[in-house]
Amino acid sequence: MRIACLVTVLAAGAAGGHAQGPALHLPPLDRVLPPGAERVYAAVAPRLDPAVAMETVRFMDGYWRLAGNPGFEASQQFVLDRLRAGGFTATAGGSAAGAWYEEFPNAGMGWEPRRGAVTLAGGAREVVLSQDRERVTLAINSFSTPPGGVELDLVDVGRGTEAGHYEGRDVAGAVVLADGPLGAVWTRAVRERGAAGVISTDLAAYTRPGETPDVLQWGAIPYDEARRSFGFKATPRAARRLRARLAEGAARVHVDIETTFHRRPNRTLVAELAGASRADERVVLVAHVQEPGANDNGSGTGTLLAAALALRRAVAEGALPPPARTLTFLWVDEIRGSEAWLRMHAEAASRVMAMMSLDMTGQDTAKTGGTFLIEKSPDPSAVWPRPSDPHSEWGAGTVDPAWVKGHFLNDLHLAVCLRRARDTGWVVRTNPYEGGSDHTVFTRAGVPALLNWHFTDRYYHTNLDRPDKTSPATMAHVGVAVATTAMFLASAGAADREALTALVDAAEAARAETERRQGASEEILSAWRTWYAEARASVETLR
């Protein structure tokens, strides 16, 4: 009876409600949120401290973080210190709450930039690019120059990605200026023609370079100990200045670089709230630590810390009972850390109930333009493009049909996020599975997994992804939602089946109405019926 009464309301919500535009499939599932999830939400919401998340962002903003380098490890240690202070005191699994490091071989080189500058030679020695000023202008895997730097010819090769772009230009031993992607230019200029290094002006259009002349996107060159070369990314302003100097005649630049390759093991920071009755079953939450940005991914790191501390506090204060299943929190080197955890804990991995990734969770959307998105565990919208389920600007990828298995995770997490939106006005959207972060690794392993993120962010992978673009309120929204979903999943049992089934049934009814309005083929309608039948079956596995 509860479902029948709600079908009309939910279908109306799919047509409008929380949606921006008439086609977006976003039924108000918060109205059928299971009571158990509502209780968790009530306990977590007042206990999650966004100041903890913002403090983490500000700390991490001081480092270019790559696995094995001091910034990566200092950021993990910052999180560990606060976990210990918040009650995660055990140094290994098995007790109520603990946190520890796990090491594994590092595929990277632990690169750390210390200094890097490009200066116009002669005259006033104008500094055009500086690691101190632009923060991430120096390319990953750049080698140091001799002490005091080197003076080299500057050669403009246009795009620089094809052999023809170099005809009539001698770039051996020179610095190549090009508009093409950094890696492709490096291959043509350094590997094939002996250039000393490259400067790439390549920028994605969504960074709005016409409006933002001091933006650049960081990049990497291959590690090559024999060539010991370097790369820089240039802002539009710097590119114009270099070309203006070349327009006056032959030009030389002074390049001064100091970097270190630390070559230390990779490591993952693990924290757990041990399950009280089904400790061998798990819900896993992951945030990656590497990269240099505040939103990417200082915000995900800080949001996960705030969520873990809120859950620990709720249990310690008696607002929530300990979870039945173990809650595992991982702060990792993106992709590699998740792969290592699954490999090192094969038995535990086989009993992971669900996984959620936190990547770019803190955008001040008024500044960045990035909307909060739940990237769903693969469902039929990842296979058949649907007007109601637009892909992000990241774009659709190839989805293995074997990954499309129905589970209640997508609709449960959407319901929780919409519950938070009801209280705060938070804007919540979804997108079909696209991949690219740690949820990809768990999806491939057969674990229901989704991503909490924002896109498109005009400052994504740029030197301007700083704490002023990050919102404590947004991190609180995501943290409360993730903590609520995770704790409910970790505690759900047979008594929650009826309410979860009601949620899944309501979501299916809204989806069917949306697809009928979109003129879906019978093949698509059948795929959704199958997916939701599997989602209902996943509810029945709760014990």
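That block above? That's the structure.
Just so it is clear, the model here is predicted, and its values are computed rather than measured. (Residues numbered from 1 in each chain as written. Predicted model: local features only at pLDDT ≥ 70, side-chain atom pairs only at ≥ 80, totals over all residues. Heavy atoms only, no water.)

In this section: the sheet that holds strand β13 (residues 371-375). Whenever strands of a sheet pair, they do so through backbone hydrogen bonds, lying parallel or antiparallel. Here eight strands make up an open sheet; going across it, the order is β1-β9-β11-β10-β12-β15-β13-β14 and the pairing mixed. This sheet does not close on itself; its edge strands, each paired only once, are β1 (97-104) and β14 (429-431). The mean inter-strand angle of the sheet, taken between neighbouring strand axes irrespective of direction, is 25 degrees. Pairing of β1 with strand β9 (residues 266-273), which is carried by eight bridges, proceeds in the antiparallel orientation. By the bridge assignment for β9, Ala97 is matched with Leu273. Running at roughly 15 degrees to β9, helix α4 (residues 70-85) makes contact with β1, β9 and β11 (325-332) of the sheet. Across the face of the sheet, helix α9 (residues 336-344) comes into contact with β1, β9, β10 (278-288), β11 and β12 (352-358) while running at roughly 100 degrees to β1. (Pairing = 2+ DSSP bridges. Helix = DSSP H or I, 4+ residues; strand = E, 2+ residues; numbered from the N terminus. Axes fitted to C-alpha atoms, helices over the stretch in contact; angles between N-to-C directions. Contact = heavy atoms within 4.5 Å.)

Moving on, we come to the packing of aromatic side chains. Applying the stated criterion to the full structure yields 22 aromatic pairs. With centroids separated by 6.4 Å and ring planes inclined at 85 degrees, the aromatic side chains of Trp64 and Trp111 adopt a geometry described as edge-to-face. Placement of Trp64 in the loop between α3 (50-60) and α4 and of Trp111 in strand β2 (residues 111-120) is noted, with a sequence separation of 47 residues between them. When sorted by exposure, Trp64 lands in the same class as Trp111, which is buried. Judged by centre distance (6.1 Å) and plane angle (75 degrees), the ring pair of Phe230 and Phe232 falls under edge-to-face. The ring of Phe78 carries Arg82 above its face, with NZ or CZ at 3.5 Å from the centroid. Its guanidinium or amino end placed over the ring of Tyr101, Arg267 lies 3.8 Å from that ring's centre, counting from NZ or CZ. (Phe/Tyr/Trp six-rings, centres within 6.5 Å; stacked < 30°, edge-to-face > 60°. Buried < 20%, exposed > 50% of the residue type's maximum accessible area, 1.4 Å probe, protein only. Lys NZ or Arg CZ within 6 Å of the ring centre and 35° of its normal.)

So, on to the sheet that holds strand β7 (residues 230-233). Pairing is mixed in the open sheet, where seven strands are placed in the order β3-β2-β8-β4-β5-β6-β7. Whereas interior strands pair on both sides, the edge strands pair on one side only; in this sheet they are β3 (127-130) and β7. Strand after strand, the sheet turns through a mean of 25 degrees between neighbouring axes, direction not considered. Packed onto the sheet, helix α6 (residues 182-191) meets β5 (175-178), β6 (197-200) and β7 and runs at close to 145 degrees relative to β6.

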